[in-house]
Amino acid sequence: LSTRVIKLTENSNYGSDEVAALSENFNHMASSLETYEQERTDMIASIAHDLRTPLAVMQVRLEALQEGLVDFNQSEVTLLLSQTEILNRLISDLRTLSLADAGKLSLNMQVLSLNDLLSSVMGNYDLQARKRGVRLELNSPQTDLLVSADFQRMTQVLGNLMTNALEATPPEGIVTLELLRVNQEAIISVKDTGSGIPNGLLEQ
């Protein structure tokens, strides 16, 4: 994928406009494929890391139980169950990614109230936020915004963003779900008062 076509000079016998355009298109295609392959490799590495974390936690706790270092009680069961839920979610995310990559991700498009969508998402994360001592805020226009979208997929996207924001926000922090209308576009944003993404990772 790193191969590139050398652009021919005007003095070359093959230096026609058509061949020059073909060369540029080929190089653009090769560059796009190379970038896609690198992103895919990085994504797999990231997923492997994410899968390894809950597995490592479960292994340590199970070994401690096996050796009698901790008591087998309800709190241990709850902890192990929470890790299996994380694994289950990651596997579900993998399936969604594979379907999207294959162009087979089904969308149930319908007329959707964004105001209702955001209210629903806020309700889903209210308890989680309270447990973390984080305040949720919803900023949306009084006039309802209607779009054509898939309710479940939009809930999934916003759910991922809300989960990340809650994990990054310290107690007494704020996570804000905001809806804006700019001309003919609806813009949804999730903001938090956490430390933010390290500068070294921003480009990723």
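Reading the values: the criteria
Within each chain, residue numbers correspond to sequence positions counted from 1 in written order. Local features in a predicted model are, by the rule used here, given only for residues with pLDDT of at least 70; side-chain atom pairs are given and counted only at 80 or more, and totals for whole chains, interfaces and linings are based on all residues. As a convention, hydrogens and water are excluded, and side-chain values are obtained from all of the structure's heavy atoms. Strands here are runs of E lasting at least two residues and helices are runs of H or I lasting at least four, both read from the DSSP assignment and numbered beginning at the N terminus. Throughout, the radius of gyration refers to the C-alpha atoms, and the reference size of a globule is 2.2 Å times the residue count to the power 0.38. Burial classification: accessible surface area is computed with a 1.4 Å probe over protein chains only, and a residue below 20% of its type maximum counts as buried, one above 50% as exposed, and the rest as partly exposed. When checking whether two residues touch, look at their non-hydrogen atoms; a contact exists if any pair is within 4.5 Å. Shrake-Rupley sampling with a 1.4 Å probe provides the accessible areas, and residues are treated as covered by the protein chains on show and by no other component. We define a salt bridge as a contact between a side-chain nitrogen of Lys or Arg and a carboxyl oxygen of Asp or Glu at a distance within 4 Å. Within this analysis, patches are made of residues with over 30% relative accessible area and no salt bridge. Like charges are joined at 9 Å or less; nonpolar side chains (Val, Leu, Ile, Met, Phe, Trp, Tyr) at 5 Å or less. Think of it this way: DSSP has to see at least two bridges between two strands before they count as a pair. As a rule, the C-alpha atoms of each element are fitted with a line to give its axis, helices using only the stretch in contact, and angles between N-to-C directions run from 0 to 180 degrees.

A. Seen up close, the overall build of the chain. A tally of helices and strands in the chain yields four helices and five strands. Reading the secondary structure of the chain in the N-to-C direction produces α-α-β-α-β-β-α-β-β. A globule of 204 residues ought to have a C-alpha radius of gyration of about 17 Å, yet the chain, at 24 Å, is considerably larger. Along the first, second and third principal axes, the C-alpha atoms of the chain reach 80 × 55 × 35 Å. Here the chain holds 204 residues, and the buried ones make up 21% of them. Looking at the chain alone, contacts between residues at least 24 apart form 68% of all its contacts between residues at least 6 apart. Of the accessible surface of the chain, which amounts to about 14800 Å², a share of 54% is contributed by carbon and sulfur atoms.

B. Molecular detail of the environment of M154. In this fold, M154 is placed in helix α4 (residues 151–168). Assessed through its relative accessible area of 24%, M154 is described here as partly exposed.

C. Structural context of the pattern of salt bridges. In the structure shown here, the tally under the stated rule is six salt bridges. Between R130 and D126 there is a salt bridge; the shortest N-O distance is 3.1 Å. Of this pair, R130 and D126 are both found in helix α3 (residues 114–132), four residues apart, which corresponds to roughly one turn of the helix.

D. Molecular detail of unusual backbone geometry. Not every positive phi belongs to a glycine, and E172 is a case in point at roughly 70 degrees. Tracing the sequence through the fold places E172 in the loop between α4 and β4 (174–182).

E. Examining a nonpolar patch on the surface more closely. Together, L1, V5, F26, M29 and L33 give the surface a local cluster of nonpolar side chains, amounting to about 420 Å² of exposed area. Of note, L1 is situated in the segment before α1 (17–66).

F. How the structure looks around the environment of V57. Examined against the element boundaries, V57 turns out to sit in helix α1. Classification of V57 by relative accessible area gives partly exposed; the value is 31%. Separated by 22 residues in the primary sequence, V57 and L79 place their C-alpha atoms 9.2 Å from one another. Leaving out residues up to four positions away in the same chain, V57 has contacts with L79 and Q83.

G. View of the sheet that holds strand β2 (residues 135–139). Strand order in this open sheet of three strands is β2-β4-β5, and the pairing throughout is mixed. Of all strands in the sheet, those with a lone pairing partner are β2 and β5 (185–192), marking the two edges. Across the sheet, the mean angle separating the axes of adjacent strands is 10 degrees when strand polarity is ignored. When β4 meets β5, the two strands line up antiparallel, connected through eight bridges.

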